[in-house]
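# Architecture and fold: a report
Residue-level listing of the chains:
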Amino acid sequence: EKIIEELRNKSKPHKKIVDAFVAADMLKEQNKNDLERRKQMKNFLDRANQMVDEANISIKEYNQMIKDYEKKGFFGKMFSADPSSHEAQIRSKKGVIESINEKKISYPKEIKKLDEKLKKFEKNLNESEKITKGKNRQKEEAALQEFQDKIDEKGIRIKEITEQIE
């Protein structure tokens, strides 16, 4: 058991370096995802007013179609779309506008949180890179694995001895 503890202590510097490499990879991947999400929200906000305007124009067009339907004669009504389908489209467009307006409120808050997170990214990445600077990841992983294998081997041996004693 004493040997296992010594091996664990010897493996700690390697584990710290390997963990820093893993943390840096995770930070970079998360940063990439955050940047993409931020870009999508910004693009949406840039187009939001235009999308609302387009939806409002569609609503006006559907309302006009409903009014025009009322003025048509028997055959005109027979070959025209039913007003209820236009009303369904109007409700759908109003739902789209509502959704856009909700996002116009929530996205700036999300973007602000992402901006704060992105500022912390550099600091966190620098901390990991200080630990990994000048280190070879493969060598550190191999050294850590070697210690882990020795610890496992000694652990198995202790278990065997314990079982023999019992």
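What comes next is a walk through the structure. Keep in mind it's a predicted model, so treat the numbers as computed, not measured.

### Things to note about the environment of Pro-83
Within the element layout of this structure, Pro-83 appears in helix 3 (residues 83-132). Of the residues examined, Pro-83 reaches a relative accessible area of 10% and is grouped as buried. Expressed as a C-alpha distance, the spacing of Pro-83 and Asp-68, which sit 15 residues apart in the sequence, is 9.7 Å. The residues contacting Pro-83, other than those within four sequence positions of it, are Ile-66, Tyr-69 and Glu-70.

### Thoughts on a nonpolar patch on the surface
Among the surface-exposed residues, Phe-74, Phe-75 and Met-78 lie close enough to one another that they form a single nonpolar patch of about 390 Å² accessible area. Considering the arrangement of structural elements, one finds Met-78 in helix 2 (residues 74-78).

### Digging into the nonpolar core
Formed by 15 residues in total, the largest nonpolar core has its most connected members in Met-41, Phe-44, Ile-90, Ile-97 and Ile-100. Where this core is concerned, the elements lending two or more residues are helix 1 (2-71) and helix 3. Sorting elements by how many residues they give to this core places helix 1 first, with nine residues. Dropping the residues within four chain positions of it, Met-41 is found in contact with Tyr-107, Glu-110, Ile-111 and Leu-114.

### Section: the environment of Ile-111
Looking at where Ile-111 falls in the secondary structure, it is placed in helix 3. Residue classification places Ile-111 among the buried positions, given a relative accessible area of 6%. Between the C-alpha atoms of Ile-111 and Lys-60, which are 51 residues apart in sequence, the distance is 33 Å.

### As for the packing of aromatic side chains
Counted under the stated rule, the structure contains one aromatic pair. Note on Phe-44 and Tyr-107: the rings are 5.4 Å apart at their centroids and 70° apart in plane angle, and the pair reads as edge-to-face. Taken together, the positions of Phe-44 in helix 1 and Tyr-107 in helix 3 put the pair 63 residues apart, joining distant regions of the chain. Looking at Phe-44, the relative accessible area reads 15%, which means it is buried. Under the relative-accessibility criterion, Tyr-107 is labelled buried at 10%.

Criteria and thresholds
- Residues numbered from 1 in each chain as written.
- Predicted model: local features only at pLDDT ≥ 70, side-chain atom pairs only at ≥ 80, totals over all residues.
- Heavy atoms only, no water.
- Helix = DSSP H or I, 4+ residues; strand = E, 2+ residues; numbered from the N terminus.
- Buried < 20%, exposed > 50% of the residue type's maximum accessible area, 1.4 Å probe, protein only.
- Contact = heavy atoms within 4.5 Å.
- Patch = residues over 30% accessible without salt bridge, like charges linked within 9 Å, V, L, I, M, F, W, Y side chains within 5 Å.
- Areas by Shrake-Rupley, 256 points an atom, 1.4 Å probe, with all protein chains shown as cover.
- Salt bridge = Lys/Arg side-chain N within 4 Å of Asp/Glu carboxyl O.
- Core = buried A, V, L, I, M, F, W, Y, C linked by side-chain atoms within 4.5 Å.
- Phe/Tyr/Trp six-rings, centres within 6.5 Å; stacked < 30°, edge-to-face > 60°.

Scope: geometric values only; no functional claims are made or implied.
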